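These are the residues of each chain, in order.
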Amino acid sequence: MLRNIKQKKQKKRKNPDLNRRRLLGGSGKSLWYLALLGIFYPLLRFVNFAIPKKPRKVRVETDIPPGGFYIGADFVVFANAKKVWAVSRTCTHLGCKLAYNETKRELICPCHHSIFSKAGKRLAGPAKLDLPRYKVNKTANKPGYMVII
Ligand code: FES
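All of the points below concern the structure found in this document. (Residues numbered from 1 in each chain as written. Predicted model: local features only at pLDDT ≥ 70, side-chain atom pairs only at ≥ 80, totals over all residues.)

With 17 residues, the main nonpolar core has Phe75, Val76, Val77, Ala86, Val87, Leu98 and Val147 as its most contacted residues. Taken together, the elements giving at least two residues each to this core come down to β3 (75-79), β4 (84-88) and β10 (145-148). Sort the elements by how many residues they give to this core and β3 lands first, with four residues. Residues in contact with Val77, not counting those within four places in the same chain, are Val60, Ile64, Phe69, Tyr70, Gly72, Val84, Ala86, Val136, Tyr145 and Val147. (Core = buried A, V, L, I, M, F, W, Y, C linked by C-beta atoms within 7 Å. Buried ≥ 20, exposed ≤ 12 C-beta atoms within 10 Å, placed from the backbone. Helix = DSSP H or I, 4+ residues; strand = E, 2+ residues; numbered from the N terminus. Contact = placed C-beta atoms within 7 Å.)

We now examine the pairing of β10. Consecutive residues of a regular strand have side chains that alternate between opposite faces of the sheet. Here β10 shows a buried face lined by Tyr145 and Val147 and an unburied face lined by Met146 and Ile148. Note: strand β1 (residues 57-60) against β10, four bridges, orientation antiparallel. Bridge pairing in β10 places Arg59 opposite Met146. Judged from the four bridges that link them, strand β9 (residues 133-138) and β10 form a sheet pairing that is antiparallel. Residue pairing for β10: Lys138 is matched across the bridge by Tyr145. Count of turn residues in the β9/β10 antiparallel hairpin: six residues, of which Asn141 carries a positive phi of about 65 degrees. (Pairing = 2+ DSSP bridges.)

In short, the description is geometric, and any link to function would need to be established separately.
Printed below as a string of structure tokens:
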């Protein structure tokens, strides 16, 4: 048994082409897969293919008073006397980050000036869709909220 293994190792050493052939064959396959990916990825992006993401929980560590708001990296949380809600900060036109104008009470896109209401409704601009709304849960025994995006 041990002798067989030693003989196989010696054969490999005597025939270095075998390893090179394997290596080139393996890299050939890899190049083929890369070429396929290069062809199909733009095609999938063109038809707006997206792999659904798992919902992510983001904690907001402060309570928001009625009429107040909290700006996170990916969302804005608003509160009134009755409820708390969150809308996405990603513009539905081309994906720029929205800014909240406190005096006008609107979300404004700095890129092409789409405007959205606090509820996420599209009011003006080149964006055609409303902003996605996220579920907000009050955290138990602690101040703050859990936003599920
Ligand atoms: S990316 Fe927001 S309006 Fe174009």
